[in-house]
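# Understanding the architecture of this molecule
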Amino acid sequence: MGHVVSIPVSNKTDRYSDRLETIGAKWSGKEKKIIDRIEFLEAMLMVLDDVKMTNIQNRDYAMMEIISEEIIQYQKRLEEERKSFLQLRLQSNASSEQFGS
């Protein structure tokens, strides 16, 4: 009787179940980040295309050349992001089939 065990009182609102993260939620978060990057790159390509057209109208060929090179770089980045998105989707589908979902 000399040893009394006391359980600490926790007034926190985060419970253990709130801290659990499923693999699906993790993939959804990754997908959202990739989609955000894809949308950003697509918007940048549209802006660069508009700038290129403006340079053509103004006959600023030097700037048009620079913008054309930037467009190529953004297109490569966009393609890489799309590939990573498809790869994540394939992993997600394979995982869900493995667990019978």
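Okay, so let's go over this structure. (Residues numbered from 1 in each chain as written. Predicted model: local features only at pLDDT ≥ 70, side-chain atom pairs only at ≥ 80, totals over all residues. Heavy atoms only, no water.)

## Re the overall build of the chain
Heads up, the condition is: Runs of E in the DSSP output that reach at least two residues are strands. Runs of H or I that reach at least four are helices, and both are numbered from the N terminus. Note on classification: 1.4 Å probe, protein chains only; a residue is buried when its accessible area is under 20% of the maximum for its type, exposed when over 50%, partly exposed between these limits.
If you tally the helices and strands in the chain, you get three helices and zero strands. The buried share of the chain, taken over its 101 residues, is 19%.

## Some remarks on the nonpolar core
In plain terms, the rule: The set of buried Ala, Val, Leu, Ile, Met, Phe, Trp, Tyr and Cys residues whose side-chain atoms join them within 4.5 Å is what this entry labels a nonpolar core. In what follows, residue pairs with any heavy atoms lying within 4.5 Å of each other are defined as contacts.
The biggest cluster of nonpolar side chains holds 11 residues, and these are Ile-34, Ile-38, Leu-41, Leu-45, Leu-48, Ile-67, Ile-71, Tyr-74, Leu-78, Phe-85 and Leu-88. Put simply, the parts of the chain that give this core at least two residues each are helix 2 (23-57) and helix 3 (61-98). If you tally residues by element for this core, the top one is helix 3, at six residues. Setting aside its immediate chain neighbours within four residues, Leu-41 contacts Tyr-74, Arg-77, Leu-78 and Glu-81.

## A short note on the environment of Leu-41
Summarising the element assignment, Leu-41 is placed in helix 2. Looking at Leu-41, the relative accessible area reads 3%, which means it is buried. Sequence-wise, Leu-41 and Leu-78 are 37 residues apart; in three dimensions their C-alpha atoms are separated by 6.0 Å.

## Concerning the pattern of salt bridges
In plain terms, the rule: The term salt bridge refers to a pairing of a side-chain nitrogen on Lys or Arg with a carboxyl oxygen on Asp or Glu at a separation within 4 Å.
For the structure on display, the rule yields four salt bridges. Between Glu-42 and Arg-82 there is a salt bridge whose closest N-O contact spans 2.7 Å. On the criterion of sequence distance, the pair formed by Glu-42 in helix 2 and Arg-82 in helix 3 is long-range, its members being 40 residues apart. For Arg-82, a relative accessible area of 35% puts it in the partly exposed group.

## A word on unusual backbone geometry
What is expected of a backbone is that most residues other than glycine have negative phi and most peptide bonds are trans. Positive phi values are uncommon outside glycine, yet Arg-59 reaches one of about 55°. Along the chain, the position of Arg-59 falls in the loop between helix 2 and helix 3.

## Concerning the environment of Met-63
For Met-63, the position within the fold is in helix 3. Overall, the relative accessible area of 36% leaves Met-63 in the partly exposed class. Taking C-alpha positions, Met-63 is 7.9 Å from Lys-52, a pair spaced 11 residues apart along the chain.

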